[in-house]
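Each chain is listed here by its residues.
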Amino acid sequence: MVLSTQDLYKGFIGGRRRKNRTAVLEGVGLSLNRGETVGIVGGSGAGKTTLALILCGLLRPDRGEVWFRGAKVRYRSKGSLHRFVQMVWQHPETAFNPRWKLMRSLKEPLLIHHLPVTPGLLESRLDQVDLNPEVLDRRPRQLSGGELQRLALARALILDPDVIILDEPTSMLDALTQAQVMNMLRNIQRKTGVAYLLISHDRELVRIFSHRAYGLGRGKLNPLESSR
């Protein structure tokens, strides 16, 4: 098992006097194995992104435990899991500084984690997502939405993560590009063994693409039938 949670709770304070606490996650238990895709479906405000932020180490749960590679995550510092659990957001353009050429953006995760930029590494990650290395000399505005989503995935792959969290990865794409991106994700998973947590409002997409699928509502996960 690569990543798991046990009795995970998270709430937020709101209301006029900021005294009311609303529970977003209530006792959530989830497991993710190598080479597996687990899907989560839920409406706006259901807690999908809150769960994702906890799993990649960017948000501390109120109670409960997160385990990674058999060790309990301590949450002593933000981003404690960030090298090994990467996230690809719904809006890929937010992953890139619009003033930078894309080569700099692709190198950035390596520099943050003090890792070497080995010869051919950037090109190999671009090849995984079917992009020509010539895009490295461009800026984000010069790429299409589909190309940016592929590049965001390449940026996540640059650190060889165990888990990639896909937050609505195709919602901004047309139907043809959606199919291309999902097929590409499957191919990458077969070759690398990376695990995916697929978050979406699209129940059918999650049902088809996932090995296991859950609905998130009222803070709890409930199993859904998967077609795989």
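Residues numbered from 1 in each chain as written. Predicted model: local features only at pLDDT ≥ 70, side-chain atom pairs only at ≥ 80, totals over all residues. Heavy atoms only, no water.

## Here we look at the packing of helix H2 (residues 102–112) against helix H3 (residues 121–128)
Packed helix pairs are characterised by how far apart their axes lie and by the angle those axes make with each other.
Point 1. The interhelical angle for the contact between H2 and H3, taken along N-to-C directions, is 105°, at an axis separation of 11 Å. Between H2 and H3, the crossing angle belongs to the class labelled roughly perpendicular. Contact residues: Met103, Leu106, Lys107 and Leu110 in H2; Leu121, Leu122 and Leu126 in H3.
Point 2. A per-class count over the contact of H2 with H3 returns six nonpolar, no polar and one charged. (Axes fitted to C-alpha atoms, helices over the stretch in contact; angles between N-to-C directions. Helix = DSSP H or I, 4+ residues; strand = E, 2+ residues; numbered from the N terminus. Parallel < 35°, antiparallel > 145°, perpendicular 65-115°, else oblique. Contact = heavy atoms within 4.5 Å. Nonpolar A, V, L, I, M, F, W, Y, C, P; charged D, E, K, R; others polar.)

## Describing the nonpolar core
Point 1. Of all hydrophobic cores here, the largest spans 38 residues; its most connected members are Leu153 and Ile164.
Point 2. Where this core is concerned, the elements lending two or more residues are H2, H3, helix H4 (145–157), strand E7 (163–167), helix H5 (175–192), strand E8 (195–200) and helix H6 (203–209).
Point 3. It is H4 that provides the largest number of residues to this core, a total of seven residues.
Point 4. Once residues lying within four places of it in the same chain are set aside, the contact partners of Leu153 are Val88, Val129, Ile164, Met184, Leu185 and Ile188. (Core = buried A, V, L, I, M, F, W, Y, C linked by side-chain atoms within 4.5 Å. Buried < 20%, exposed > 50% of the residue type's maximum accessible area, 1.4 Å probe, protein only.)

## Examining the packing of aromatic side chains
By convention here, two paired aromatic rings are described through the distance between centres and the angle between planes.
Point 1. Applying the stated criterion across every chain, the model contains two aromatic pairs.
Point 2. Pairing Tyr196 with Phe209 gives two aromatic rings, centres 6.3 Å apart and planes at 25°, and the pair type is stacked. Of the two residues, Tyr196 sits in strand E8 while Phe209 sits in helix H6, which places them 13 residues apart along the sequence.
Point 3. According to the relative accessible area criterion, Tyr196 is buried, its value standing at 0%.
Point 4. The ring of Phe84 has Arg69 lying over it, and the distance from NZ or CZ to the ring centre is 4.5 Å. (Phe/Tyr/Trp six-rings, centres within 6.5 Å; stacked < 30°, edge-to-face > 60°. Lys NZ or Arg CZ within 6 Å of the ring centre and 35° of its normal.)

## Considerations on the sheet that holds E7
Point 1. Reading across the sheet, the six strands line up as E6-E7-E8-E3-E9-E10 and stay open at both edges, with mixed pairing between neighbours. Edge positions in the sheet fall to strand E6 (85–88) and strand E10 (220–224), since each has one partner strand and no second. Going across the sheet, the axis of each strand differs from the next one's by a mean of 25°, ignoring polarity.
Point 2. Both strand E3 (residues 37–41) and E8 contribute to a ladder of five bridges, which runs parallel. The partner of Val41 across the bridge, within E8, is Ser200.
Point 3. With respect to the sheet, helix H1 (residues 48–55) is in contact with E3, E6, E7, E8 and strand E9 (212–217), its orientation differing from that of E8 by roughly 155°. (Pairing = 2+ DSSP bridges.)

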